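# Remarks on the overall topology
Spelled out, the chains give:
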Amino acid sequence: MIKYICKRLAMGIVTLFFLVTITFFLTRLMPGSPFETDNISPAMLASLEEHYGLDKPVEEQYVLYLKELLHGSLGISYKKSNVNVNDLIRDGFPITLQLGLISFGIAIVVGIVIGVWMSVTKSEAVKGWILTASTVFISIPGFVLAIALMLIFGAKLKILPVLFDGSFKSYILPITALAVYPIAEISRLIHSSYDEAMNQDYVTMARAKGIGKRRVMFLHVLKNALLPFITVCGPMLAFQITGSFVVESIFTIPGIGKEFVNSVNNRDYTVIMGLTIFVGAIIILANLLSDVICALVDPRIKLGKN
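The text that follows walks through the structure, step by step, so that each part is easy to find. (Residues numbered from 1 in each chain as written. Predicted model: local features only at pLDDT ≥ 70, side-chain atom pairs only at ≥ 80, totals over all residues. Heavy atoms only, no water.)

## A few points about the pattern of salt bridges
Threshold: For this document, the term salt bridge refers to a Lys or Arg side-chain nitrogen within 4 Å of an Asp or Glu carboxyl oxygen. Note on conventions: DSSP H or I runs of at least 4 residues are helices, E runs of at least 2 residues are strands, and numbering of each starts at the N terminus. Relative accessibility decides the category of a residue: with a 1.4 Å probe and only protein chains considered, values under 20% of the type maximum give buried, values over 50% give exposed, and everything between is partly exposed.
The final tally for this structure, using the stated rule, is three salt bridges. Notably, a salt bridge pairs E259 with K80, separated by 2.8 Å at the nearest N-O pair. Of this pair, E259 sits in helix α11 (residues 256-266) while K80 sits in the loop between α3 (58-70) and α4 (85-120), and the two are 179 residues apart along the sequence. K80 sits in the partly exposed class, given a relative accessible area of 34%. Residue R90 pairs with D87 through a salt bridge whose shortest N-O separation is 3.4 Å. Of this pair, R90 and D87 are both found in helix α4, three residues apart, which corresponds to roughly one turn of the helix. Residues joined by salt bridges that share partners form a network here, namely D87, R90 and D91.

## Things to note about the side chain of S193
Put simply, the test is: Throughout this description, a polar contact denotes any pair of N or O atoms lying within 3.5 Å of each other; where both atoms belong to protein, one of them has to be capable of donating a hydrogen while the other can accept it, and for residues adjacent in sequence the pair is counted only when both atoms sit in side chains. Residue contacts follow a heavy-atom distance rule, with two residues in contact if any of their heavy atoms lie within 4.5 Å.
Relative to the assigned elements, S193 resides in helix α7 (residues 168-198). Polar side-chain contacts of S193 include one of 3.0 Å to the backbone oxygen of L189. At 3.3 Å, the side chain of S193 forms a polar contact with the backbone oxygen of I190. Excluding residues that lie within four positions of it along the chain, S193 makes contacts with A225 and P228.

## Re the packing of aromatic side chains
Note the following rule: Pairing of aromatic rings covers Phe, Tyr and Trp, the last counted by its six-membered ring, and requires centre-to-centre distances within 6.5 Å; plane angles under 30 degrees mean stacked, over 60 mean edge-to-face, and any other angle means tilted.
Evaluation of the coordinates by the stated rule reveals eleven aromatic pairs. Centre to centre, the rings of F35 and Y52 are 5.2 Å apart; their planes meet at 25°, and the pair counts as stacked. One end of the pair, F35, is in the loop between α1 (2-28) and α2 (42-51); the other, Y52, is in the loop between α2 and α3, with 17 residues separating them in the sequence. A relative accessible area of 6% means that F35 is categorised as buried. Clustering of aromatic rings is evident, with ring pairs tying together F24, F25, Y62 and Y65.

## What to know about unusual backbone geometry
Both trends apply: most residues other than glycine have a negative phi, and most peptide bonds are in trans. Even without being a glycine, T252 presents a positive backbone phi close to 50°. Mapped onto the fold, T252 is located in the loop between α10 (245-250) and α11. In this structure T252 comes out as partly exposed when scored by relative accessible area, which is 32%. Positive phi outside glycine occurs at R267, with the angle close to 55°. Following the sequence through the fold, R267 ends up in the loop between α11 and α12 (269-297).

## Regarding the nonpolar core
Nonpolar side chains in soluble globular proteins tend to be buried together. For the record, the criterion: We call a set of buried residues a nonpolar core when its members are Ala, Val, Leu, Ile, Met, Phe, Trp, Tyr or Cys and they connect through side-chain atoms within 4.5 Å of each other.
Judged by nonpolar contacts, the single largest core of 38 residues is most densely connected at Y65, I186 and F229. Elements with a contribution of two residues or more to this core: α1, α3, α4, α7, α9 (213-242) and α12. The biggest single contributor to this core is α9, with nine residues. F229 has contacts with F104, I108, I186, L189 and I190, leaving out every residue within four places of it along the chain. L99, L160, L173 and V247 belong to the second-largest nonpolar core, a separate cluster that totals 16 residues.

Shown next, in the form of structure tokens:
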């Protein structure tokens, strides 16, 4: 297990290196300059680029950035004077993490309940409606759902705030917008794996031994049906934490998502780089955690051999 974890961490570091390299050069290919505005003189623009080292060759800028990165610094924002990218992440990530974890927790509970319900219900109409609804919600982009919720419950019905103010009510719309897609995805996944588990020999054997229906359902079937979900749990959790960027911007939530959207619009290279590296690290760790949990739940999985 330890050997596998070390191997995956090493692969993660290599992946991050390529992510840093590709993102760095792509940001430099963006048209314009971070300091370019309608009312700035060419002399002032040149002075600012010289101050931040943007007048140097791109290869030299890349080497200097790697040196700073090795010292744990993600750089200084070009648009926010004397603001370190590390501080932006430290201040904004707790809110992003809170939204992601709450929405993911709700999605797990609701998605599993709906998935099991689809498998055990005898009503084909109910099953058909749920499958149709899940397909529809999977197809709707999160930002479209967020805007629709804002228009319906905020602008028209006026029962929920459309702008985030930290109150309980202001969490409802963004969390709903974030939770709908994973609920639909988890319910379909659980439904498929539950039906497959129901047809296994060990379920037939358990029933032949006279084990109660509820015990078979939860102890034998559901436990094995959860394995495919646990496999994708890591990437899904990472998506929930990092996929809230546009939703945060829509509801003016002061998380790292809003900072990322603003940095792209403003061509703030260091913020784009810092948040991309941070998000990449989260995805790598979430995938590793998912694999480890799978091994703990199912002893048949031997990670050390991979």
